[in-house]
Amino acid sequence: MAKMWKFLLFVAAVIAWAESSQGQRVHLTTVDGWRFYKVHTAGQMTNANVKAACEAAGMRYPCYYSGSDGCIGYWTSDCIRYDDAGVSCRTLQVLSANLCGTTSGYGSHCQPLDDTFVYIPGRSDDSAFGVDYETHNFNLHGADYTNMFALCADIDDCASSPCVHGTCTDGMASYTCSCENGWEGADCDQDIDDCASSPCVHGTCTDGMASYTCSCENGWEGANCERDIDDCAPSPCVHGYCTDELASYTCSCENGWEGTNCDQDIDECASNPCLLGGTCQDHVDGYSCVCPKDATGKNCETECYEFSTVAVTHREATEACSTNDGRLVDLKDDKLQRFLADKIAAISGASNWLAMRSAPLPIYYSDGSSSTGSLQWSEGEPSSPLDMCVLLDSSDNYRAKTAFCTEQHNYVCEAAVKPCEPNVCQNGGNCTSCFDGSFCDCPDGFDGLTCEITPDWCSQSLCPSGWTCVDHIVHFSCIDPASASRMGSYQCSSASCPDGMYCNAEGVASFSCKPE
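Quantities reported herein were computed from a predicted structural model and do not represent experimental measurements.

About the criteria used
Residues numbered from 1 in each chain as written. Predicted model: local features only at pLDDT ≥ 70, side-chain atom pairs only at ≥ 80, totals over all residues. Heavy atoms only, no water. Helix = DSSP H or I, 4+ residues; strand = E, 2+ residues; numbered from the N terminus. Contact = heavy atoms within 4.5 Å. Pairing = 2+ DSSP bridges. Axes fitted to C-alpha atoms, helices over the stretch in contact; angles between N-to-C directions. Phe/Tyr/Trp six-rings, centres within 6.5 Å; stacked < 30°, edge-to-face > 60°. Buried < 20%, exposed > 50% of the residue type's maximum accessible area, 1.4 Å probe, protein only. Polar contact = N/O pair within 3.5 Å; in protein donor to acceptor, adjacent residues only side chain to side chain. Disulfide = S-S within 2.5 Å.

A. Here's a closer look at the side chain of Glu-254. You can see Glu-254 is positioned in the loop between strand S16 (248-253) and strand S17 (257-258). When residues no more than four places from it in sequence are discounted, the contact partners of Glu-254 are His-239, Gly-240, Tyr-241, Ser-493 and Ser-494.

Structure (C-alpha cells):
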C-alpha cells in the first residue's frame, strides 16, 4: 500500500511539472539574425515532439546541422538555415562557441545547453540529439529521455535595424521601437514637427531635430518671440523722455531740444531776434543778446527814440534832435526799420526823415559811412545823383526813399542810453535814461514803473504736480512732500524753471528757481 502511494505522488508531481513548466523558454544567444531558445517539453524528446514544442511556442526549429553551404548532411528544408560563420556545421557546437567559447563535446561542455535536444533527421527511432552538461555526454537518444528542453529558434526582428532613429526591442514575430527625441512613428523614421504647436508667438518657426528656432518679428525677442523689446532700454533720448512702442520709440524732448533723439540744441538765434546790431548767443532753451552800447533790453530793442508830431525840413529835423541832446536816427538794418515803422504807424502814420543823405550817390549815414546794410528801399531807389535826403515812406510800407531835403516831414531822434544816478529801480531792475527821462528794465516776473510789483510765483503752477510751492518774493522753491519714496536727488533740467530763471537742486526733494 505504501508503494502505491509513492507511485501516485510521483505521477502527481510529473503532471504538476508538465502543467507549470511546459513551454517555458530560456533565451540562449543570437546567430545570424536567429534567436535560439531552449523550451521545456513534456514527453519523449523525439524529433516530432521537439518540432511540436517549437511550433506550439510560435517558433521554428533548427536542425543538427546549420544548413549553410557544405552543412546539409543532417538538415532538411523544414529547418531554419543560418550562417554558422565557419565555426562548425553542428548547431550545438556553434551555440557552445557563442555561449561558452568552446566547441568541445558537441556542446556538452557548455552549461546553458544542459539537457537540450535538437532536431536531427534520419534516425530510425525519431530520437532528437541531446547533450548533458553534468556528465558531458552527447548524442543522447531523445526517445530515452522525457520532459527535457527542445532547441527552438525565431527570427530576430531587430536584426535588420528597423528603428531608424531609436532602440529596437525584439518581440515574438514583432519588434518595438523606442524613439530618440524628435522622432516618431513605428520605425522612428518620422521627424516630429516641433513647430506644429506654433510656439513662436510673434515670429516664424523653423523645425529642428527635437527642437525649433524662432525668427522674431521686428520688435520682439525671447526663445518664443514672446517679449516686446524695450526700445527705451538703451536710453536713446539724450535730453528727453522715452516712450516705448512696437519696434520703435518716441522721444518727448525737454525745452530747448529737438530731433528724433532730442540731441539737437534748438538754435533760438535762427530767427535773428537781436535788434539794433546786437549779437545773438544761443543757449539751451533760450538765447541772449549782446547789445551795442546805445541799446538795452532782451532783444536790444530798448534805445532812446523820440518821434516828432510836426513836419519840418531835413536840416530843421537835424537841428531839433541836436538841441534835445540827440541826433536824427540812422537806420542800417531791416529789423530796426520794421521796429520803427510799427512805432511810427501807431503814433502818426506819416513819413519820417532819416539821417541819411546822398552827396551824390552812394547814400551816406550821419557818421560818414556809406550805406551797405539791409535797409528795404522803394523800387528804383536810390537813383537820383542830386543832393537828396532819405525818409521812411508811409505810402510804401515805410520803405526807404530819397526826397529833396527841403521837403517837410516828421522825424525820429535817437539818443545814447545812460545809467541813472541814482538807480531808482527795485527788485534788481536796471535804470537807464535818455532825453532827460528815465525808465526801469525789470527782471522777468517783476513789473511797475520802478519794478515794484512782485510776481505771485505760486499762483502760476510752476512746480511739478503734487509738489508744494514756497514764494520767496524774488524767487520760489518747490518741495516734494513724498520725499521718503524718492530714490535719489532731484535732477534739474531746462524744463524745471521759467525762462530767465535758473534751477538749483536743494537736497533730495526740493529745488529753487532764481533770476539769472
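B. Seen up close, the sheet that holds strand S4 (residues 129-132). Sheet architecture is open: six strands sit in the order S1-S2-S6-S3-S4-S5, paired in mixed fashion. Looking along the sheet, the strands with just one partner apiece sit at the ends: strand S1 (25-31) and strand S5 (137-141). Shown here is a sheet whose adjacent strand axes are inclined to one another by a mean of 35 degrees, direction ignored. Here seven bridges tie strand S2 (residues 34-40) to strand S6 (residues 149-155), and the two strands are oriented antiparallel to one another. The residue bridging Arg-35 from the neighbouring strand is Asp-154, located in S6. Helix-sheet contacts for helix H2 (residues 47-56) involve strand S3 (116-118) and S6, and the interaxial angle to S6 is about 45 degrees. Sitting on the sheet, helix H3 (residues 91-100) touches S1, S2, S3, S4 and S6, and the angle it makes with S1 is about 90 degrees.

C. Just the packing of aromatic side chains, in detail. Scanning the model with the defined rule gives 11 aromatic pairs in all. Aromatic pair Tyr-305 and Phe-339: ring centres 6.2 Å apart, planes at 55 degrees, arrangement tilted. Residue Tyr-305 is located in strand S21 (residues 304-307), and its partner Phe-339 is located in helix H5 (residues 334-347); the two are separated by 34 residues in the primary sequence. By the burial criterion, Tyr-305 is buried, and Phe-339 matches it. Between Trp-457 and Phe-476, the aromatic rings sit 5.5 Å apart at their centres with planes inclined by 35 degrees, giving tilted as the arrangement. On the criterion of sequence distance, the pair formed by Trp-457 in the loop between strand S30 (437-441) and strand S31 (468-471) and Phe-476 in strand S32 (residues 476-479) is long-range, its members being 19 residues apart. The class of Trp-457 is buried, set by a relative accessible area of 3%. Its relative accessible area of 0% is what places Phe-476 among the buried residues. What links up through ring pairs into an aromatic cluster is the set Tyr-64, Tyr-65, Tyr-74 and Phe-129.

D. Just the side chain of Asp-194, in detail. Relative to the helices and strands, Asp-194 is located in the loop between strand S10 (190-191) and strand S11 (203-207). A polar contact of 3.2 Å, which involves the side chain of Asp-194, links it to the backbone nitrogen of Ser-211. In contact with Asp-194, other than residues within four places in its own chain, are Pro-199, Asp-207, Gly-208, Ala-210, Ser-211 and Tyr-212.

E. Quick peek at unusual backbone geometry. The backbone phi angle of His-136 is positive, close to 60 degrees, even though this residue is not glycine. For His-136, the position within the fold is in the loop between S4 and S5. For Asn-397, which is not a glycine, the phi torsion comes out positive at approximately 55 degrees. Along the chain, Asn-397 turns up in the loop between strand S25 (388-393) and strand S26 (399-404). Overall, the relative accessible area of 45% leaves Asn-397 in the partly exposed class.

F. Looking closely at the state of the cysteines. For the structure on display, the rule yields 22 disulfides. Two residues, Cys-163 and Cys-177, share a disulfide whose sulfurs are 1.9 Å apart. Around the S-S axis, the bridge from Cys-163 to Cys-177 shows a dihedral of about -85 degrees and counts as left-handed. Pair noted here: Cys-163 is in the loop between S6 and strand S7 (166-171) and Cys-177 is in strand S8 (residues 174-179), with a separation of 14 residues, a long-range link. For the pair Cys-163 and Cys-177, one class covers both residues: buried.

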